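# Structural description and commentary
The chain contents come next:
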Amino acid sequence: IAHGRGTLHFGAAISRDVVTPVTTGMQLPKSSNALALGFSWIVGERDLFDISASLTDLSGYLTDPYKIVPVVGVDPPPPENRPDARSRRAVVFKYGHYFVDADGALKLGYRYYWDNWSIGAHTIDLLYDKRVGTRWIVSPLLRLYTQNHASFFSYQFAAPQTYMSSDYRLSAFDSVLGGLTVGYS
């Protein structure tokens, strides 16, 4: 592919589970089907580009049986309830460039994620691999992340709803992560 400078990558996954929450004692099915497809291309002597996409469809019991939801005037709080289907999509772009004079490589990445629960997320990764001597590599990292909340998320509900969750993983969220890795080979 691409005159021997490209690689097509593909993946698939299927899972079938039975969930038995102790809160209900019932056996509930949960399934997942996933596909991923991507293409890596050696653009030039010092440049590499990758684009990939994935889709995952989940169905069945997707609720966390141990979470409760604060509802005004309702005591004890009811358990959360999530929809029984979720379609997750993601597109990833990666680019790497090697700087000969600096003996280091800059790696940039961007990921866009969206699903049918109304969550959308953006991730930007910046990494620089710097060779120090002949055996050491120092790699500073910066990651920026943001997501909006699921359509049925709230920290507190005014009244019970069909679907509702207070799980922080489904909330709006922004983060900045910095790091440093030192490797020896």
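Preceding this section is the structure that the text describes.
Quick look at the structure, then. (Residues numbered from 1 in each chain as written. Predicted model: local features only at pLDDT ≥ 70, side-chain atom pairs only at ≥ 80, totals over all residues. Heavy atoms only, no water.)

## A look at unusual backbone geometry
Cis geometry is adopted by the peptide bond preceding Pro76, which originates at Asp75 and carries an omega value of 5°. With respect to the element layout, Pro76 can be found in the loop between strand 3 (47-60) and strand 4 (85-99). With a phi close to 50°, Asp103 is a non-glycine residue in the positive phi region. With respect to the helices and strands, the residue Asp103 is situated in the loop between strand 4 and strand 5 (104-115). In the Ramachandran plot, Ser118 falls in the positive-phi region, its phi being about 75° despite a non-glycine side chain. Here Ser118 is to be found in the loop between strand 5 and strand 6 (120-132). (Helix = DSSP H or I, 4+ residues; strand = E, 2+ residues; numbered from the N terminus.)

## Focus on the packing of aromatic side chains
Tallied over the entire structure, the rule returns 5 aromatic pairs. Pairing Tyr112 with Trp114 gives two aromatic rings, centres 5.2 Å apart and planes at 20°, and the pair type is stacked. Using a relative accessible area of 30% as the deciding quantity, one classes Tyr112 as partly exposed. The exposure class assigned to Trp114 is partly exposed, which follows from its relative accessible area of 34%. (Phe/Tyr/Trp six-rings, centres within 6.5 Å; stacked < 30°, edge-to-face > 60°. Buried < 20%, exposed > 50% of the residue type's maximum accessible area, 1.4 Å probe, protein only.)

## So, the pairing of strand 3
Judged from the 14 bridges that link them, strand 2 (residues 28-44) and strand 3 form a sheet pairing that is antiparallel. Pairing of Leu37 across the sheet is with Ala53, part of strand 3. The hairpin formed by strand 2 and strand 3 contains 2 residues between the paired strands. Pairing between strand 3 and strand 4: 13 bridges, direction antiparallel. Within strand 4, the position partnered with Leu48 by the bridge is Gly96. (Pairing = 2+ DSSP bridges.)

## Some words on the sheet that holds strand 4
With respect to topology, 8 strands assemble into an open sheet ordered 1-2-3-4-5-6-7-8, the strand pairing being antiparallel. Bordering the open sheet on either side are strand 1 (6-19) and strand 8 (173-184), each of which pairs with just one other strand. For this sheet the average axis-to-axis angle between neighbouring strands, irrespective of direction, equals 10°. Where strand 6 and strand 7 (residues 136-147) come together, 10 bridges link them in antiparallel fashion. Within strand 7, the residue paired with Leu127 across the bridge is Leu141. (Axes fitted to C-alpha atoms, helices over the stretch in contact; angles between N-to-C directions.)

## Observations concerning the pattern of salt bridges
In a structure, side chains of opposite charge can pair up when their charged atoms sit close to one another. Applying the stated criterion across every chain, the model contains 9 salt bridges. Of the charged contacts in the structure, one is a salt bridge between Asp57 and Arg89, with a shortest N-O distance of 3.3 Å. Separated by 32 residues along the polypeptide, Asp57 in strand 3 and Arg89 in strand 4 bring together distant segments of the chain. Measuring nitrogen to oxygen at the nearest pair gives 2.7 Å for the salt bridge that ties Arg86 to Asp115. Of this pair, Arg86 sits in strand 4 while Asp115 sits in strand 5, and the two are 29 residues apart along the sequence. Look at Asp115 and you get buried, because its relative accessible area is 8%. Bridged by salt links that share partners, the residues Asp64, Glu80, Arg82, Asp167 and Arg169 form one connected network. (Salt bridge = Lys/Arg side-chain N within 4 Å of Asp/Glu carboxyl O.)

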